[in-house]
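Working through the structure, step by step
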Amino acid sequence: MDYFRINPADNVAVALSMTADIPFGHKIALSDIRTGEKIIKYGYPIGYATKDIKTGEHVHSHNLRTGLSEEVDYSYTSVGTVPVTCEPGQFMGFKRKNGKAGIRNEIWIIPTVGCVNPTGNAIAREAVDKIRGSVQGVYNFPHPYGCSQLGEDHENTKKALCGLVHHPNAGGVLVLGLGCENNSIAEMRDMLGNIDESRIKFINCQDHENEVAAALALIDDIIAEAENDVREPIPTTGLIIGLKCGGSDGLSGITANPLVGAFTDRLVGEGGSAILTEVPEMFGAETILMGRCVSEGIFDKTVGLINNFKQYFIDNNQPIYENPSPGNKEGGITTLDEKSLGCTQKAGTALVSDVLSYGEILRKPGLNLLESPGNDLVAATALAASGAHIVLFTTGRGTPFGSPVPTVKISSNTALYDKKRNWIDYDAEPLIHGIPVGDMADNFYEYIIRIASGNELTKTEQNGIRDLAIFKTGVTL
């Protein structure tokens, strides 16, 4: 049968055709593997054989278990500073007063609390008639939080929403409050710090007889400020890309994720930025990232990122190394070690320049690690709140979801791309059919520049899908 061996050290390969015994994308043994021996993929162990496996046999959940354990010792090795290896490219973006640049010029409605979600939706619908000039739309971002929350959950909601208020893809923002919620407009103002008062407006619905009419008047004022914004050349040093993967299959780690990794290396090499999140899907590959930290301080923050998330699982009496989802397993992914080794390839070989807590806005260019769970909607929202202009979302299974920013779906296999062209933006399978990774990475780079410049819209934008989900860990009152 046809198969793809990723690394010369591997004792398994990925099936590129289906047989009665081995589905497409699943693992096939390249040599006899005895019980207890390591199973190697990507050049790293992905677990141990639970029984003897003969050459050519199917390797999956029935004969493979994870090799991960809760106790891991980490040590720091100096690697130096992040190099800028090539001249930056450019995209056509909207320069903001604070020096940042946006790739869209939209008006966003950010509810402080879920109670006003319907009002925000009504305002967005009625505001369509007010759109003019370079303003590209008015969008509400409903969510269920902002009240009846305590401690970290309350802070996470504020941080995520404030990150979106500050996002440069918004030419202006209406912060929509109720008037009696925990996450009050006064609290939001304090956390936001310095803002452009002409472009960020606030309204409490309880203060007005007709809150929709009052909000529309404020949006008209915001649009008057934003309608004359024009695109201008922006160096790619100002471009921030979020890295995320959804349901994977056996090809994700050899097509879509490496393609995104090649893009990441180029962007970071130009002085731009990428943010990698999904901390649980770093488990098993975290030492690779730790070995690329630019300083001992960043190494320590990375260790804290990993260990704190493990403790989060322990505190909730959940297994740290839970197996991948049913969709991942059906696609050929057996263990979390295997999933993580494939996922982290989205980060290429770039050095880690910083580690961000949930809701923290990017400060340093280069590759950043961000605290967030693996959940697609929560993680993608976290990337947007930290400043990502675009989310690159690799998938072997497919999903229609979107995030607050343009979300590019990259399929690992052509069958998915052909079946769900209403969801998928780009197909990465040609990488295993002879197209050099450099050539395909160049093509993908130019495609992302077209997205950033507004010359193309993602399928999520075309379909009007913009999801918002906030990380919740505790009690709801």
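Residues numbered from 1 in each chain as written. Predicted model: local features only at pLDDT ≥ 70, side-chain atom pairs only at ≥ 80, totals over all residues. Heavy atoms only, no water.

Within the protein chain, the regular secondary structure consists of 13 helices and 21 strands. Dimensions of the protein chain along its principal axes, counting C-alpha atoms only, are 75 × 45 × 45 Å. Counting contacts in the protein chain only where the partners sit at least 6 residues apart, residues at least 24 apart contribute 71% of the total. Charge separation in the protein chain, taken as the distance between the mean sites of 41 positive and 58 negative side-chain charges, equals 2 Å. (Helix = DSSP H or I, 4+ residues; strand = E, 2+ residues; numbered from the N terminus. Contact = heavy atoms within 4.5 Å. Lys, Arg positive; Asp, Glu negative; His and termini not counted. Charge placed at Lys NZ, Arg CZ, Asp CG, Glu CD.)

Next up on the list: the packing of aromatic side chains. Under the defined criterion, the tally for this structure stands at 15 aromatic pairs. Pairing phenylalanine 393 with phenylalanine 401 gives two aromatic rings, centres 4.9 Å apart and planes at 65°, and the pair type is edge-to-face. Taken together, a centroid distance of 6.4 Å and an interplanar angle of 40° make the contact between phenylalanine 444 and tyrosine 447 tilted. Taken together, the residues span about one helical turn, with phenylalanine 444 and tyrosine 447 both in helix H12 (residues 437-452) at a distance of three residues. In this structure, phenylalanine 444 and tyrosine 447 share a single accessibility class: buried. One aromatic cluster is present, formed by Phe283, Phe309, Tyr312, Phe313, Tyr358 and Phe471 through successive ring pairs. Just above the ring of tyrosine 445 sits the side chain of arginine 266; from NZ or CZ to the centre is 3.5 Å. Above the face of the phenylalanine 283 ring, lysine 310 is positioned so that its terminal group lies 5.8 Å from the ring centre. (Phe/Tyr/Trp six-rings, centres within 6.5 Å; stacked < 30°, edge-to-face > 60°. Buried < 20%, exposed > 50% of the residue type's maximum accessible area, 1.4 Å probe, protein only. Lys NZ or Arg CZ within 6 Å of the ring centre and 35° of its normal.)

On to the nonpolar core, then. As a rule of thumb, soluble globular proteins bury nonpolar side chains together. In terms of nonpolar packing, the biggest core is built from 90 residues, with Ile241, Leu259, Ile390, Leu392, Ile410, Phe444 and Ile448 touching the most fellow members. Those residues in contact with leucine 392, other than ones at most four positions away along the chain, are Ile241, Gly242, Leu243, Lys244, Val260, Phe263, Val408, Ile410, Phe444 and Ile448. In terms of nonpolar packing, the next biggest core, distinct from the first, is built from 22 residues, Ala124, Ala127, Leu178 and Leu216 among them. (Core = buried A, V, L, I, M, F, W, Y, C linked by side-chain atoms within 4.5 Å.)

Here we take up the sheet that holds strand S8 (residues 90-95). With antiparallel pairing, the three strands of this open sheet are ordered in space as S9-S8-S14. Whereas interior strands pair on both sides, the edge strands pair on one side only; in this sheet they are strand S9 (101-102) and strand S14 (232-235). Relative to S14, S8 is paired through four bridges, and the arrangement is antiparallel. Looking at S14, one finds that glutamine 90 is bridged to proline 235. (Pairing = 2+ DSSP bridges.)

Residue placement: glutamine 149 occurs in the loop between strand S11 (138-140) and helix H2 (151-165). On the basis of relative accessible area, glutamine 149 is assigned to the buried category, the value being 4%. A polar contact is formed between the side chain of glutamine 149 and the side chain of threonine 157, at a distance of 2.9 Å. Setting aside residues up to four positions removed in sequence, glutamine 149 forms contacts with His154, Thr157, Asn182 and Val475. (Polar contact = N/O pair within 3.5 Å; in protein donor to acceptor, adjacent residues only side chain to side chain.)

In a regular helix each residue adds 1.5 Å, so 15 residues correspond to 21 Å; H2 covers 22 Å between its end C-alpha atoms and thus fits that length. Of all 15 residues making up H2, 11 are buried, and the element is well covered by its neighbours. Among the residues making up H2, those that are buried are Asp153, His154, Asn156, Thr157, Lys158, Ala160, Leu161, Cys162, Gly163, Leu164 and Val165. Where H2 is buried, its residues contact strand S10 (106-111), strand S12 (170-177), helix H3 (185-192), strand S13 (200-204) and helix H10 (376-385). (Expected span 1.5 Å × (residues − 1).)

It is worth spelling out the environment of glutamine 318 at this point. By the secondary structure assignment, glutamine 318 is in the loop between helix H7 (296-315) and helix H8 (326-331). A residue is classified by how much of its surface remains accessible, and glutamine 318, at 48% relative accessible area, is partly exposed. Spatially, the C-alpha atoms of glutamine 318 and tyrosine 417 are 35 Å apart, while their sequence positions differ by 99 residues. Here the side chain of glutamine 318 touches asparagine 316 through a polar contact of 3.2 Å, landing on its backbone oxygen.

In this section: the sheet that holds strand S15 (residues 240-245). Reading across from one edge, S17-S18-S16-S15-S19-S20-S21 is the order of the seven strands in this open sheet, with parallel pairing throughout. Each end of this open sheet is capped by a strand with a single partner; those strands are strand S17 (352-356) and strand S21 (426-427). Of the strand pairs in this sheet, strand S20 (residues 407-411) and S21 are connected by two bridges, and their pairing is parallel. The residue bridging isoleucine 410 from the neighbouring strand is tyrosine 426, located in S21. Seen against the sheet, H7 touches S17 and strand S18 (366-370) and runs at an angle of roughly 45° to S17. Most of the contacts of H10 go to S15, to which it runs at about 170°, and overall it touches S15, strand S16 (273-276), S18 and strand S19 (390-395). (Axes fitted to C-alpha atoms, helices over the stretch in contact; angles between N-to-C directions.)

In terms of burial, H10 is largely enclosed, as eight of its 10 residues are buried. Among the residues of H10, Val378, Ala379, Ala380, Thr381, Ala382, Leu383, Ala384 and Ala385 are the ones counted as buried. Contact partners of the buried residues in H10: H2, S15, S16, S18 and S19. N-capping of H10 is provided by asparagine 375, with a side-chain oxygen placed 3.2 Å from the backbone N of leucine 377.

For leucine 369, the location among the structural elements is in strand S18. If sequence neighbours within four positions are ignored, leucine 369 has contacts with Leu276, Met282, Leu289, Thr302, Leu305, Val352, Asp354, Val355 and Leu356.

Right, let's talk about the packing of H2 against H3 for a bit. Packing of H2 against H3 leaves a shortest axis separation of 10 Å and a crossing angle of 65°. The two elements H2 and H3 cross, and the hand of that crossing is right-handed. Contacts between H2 and H3 involve His154, Glu155, Lys158, Lys159, Leu161, Cys162 and Val165 on the former and, on the latter, Glu187, Met188, Met191 and Leu192. Split into classes, the residues belonging to the contact of H2 with H3 amount to six nonpolar, one polar and four charged. (Left-handed = near helix turned anticlockwise from the far one by under 90°. Nonpolar A, V, L, I, M, F, W, Y, C, P; charged D, E, K, R; others polar.)

Looking now at the pattern of salt bridges. Tallied over the full model, the rule gives 28 salt bridges. In this structure, the salt-bridge partner of arginine 132 is glutamate 227, at a minimum N-O distance of 3.3 Å. One end of the pair, arginine 132, is in the loop between helix H1 (117-126) and S11; the other, glutamate 227, is in the loop between helix H4 (211-226) and S14, and 95 residues separate them in sequence. The partly exposed category is assigned to arginine 132, whose relative accessible area is 28%. With relative accessibility at 21%, the residue glutamate 227 sits in the partly exposed group. Through salt bridges that share partners, Arg96, Lys97, Asp196, Arg199 and Asp229 make up one connected network. (Salt bridge = Lys/Arg side-chain N within 4 Å of Asp/Glu carboxyl O.)

Note that all results are geometric; they support no functional claim without further evidence.
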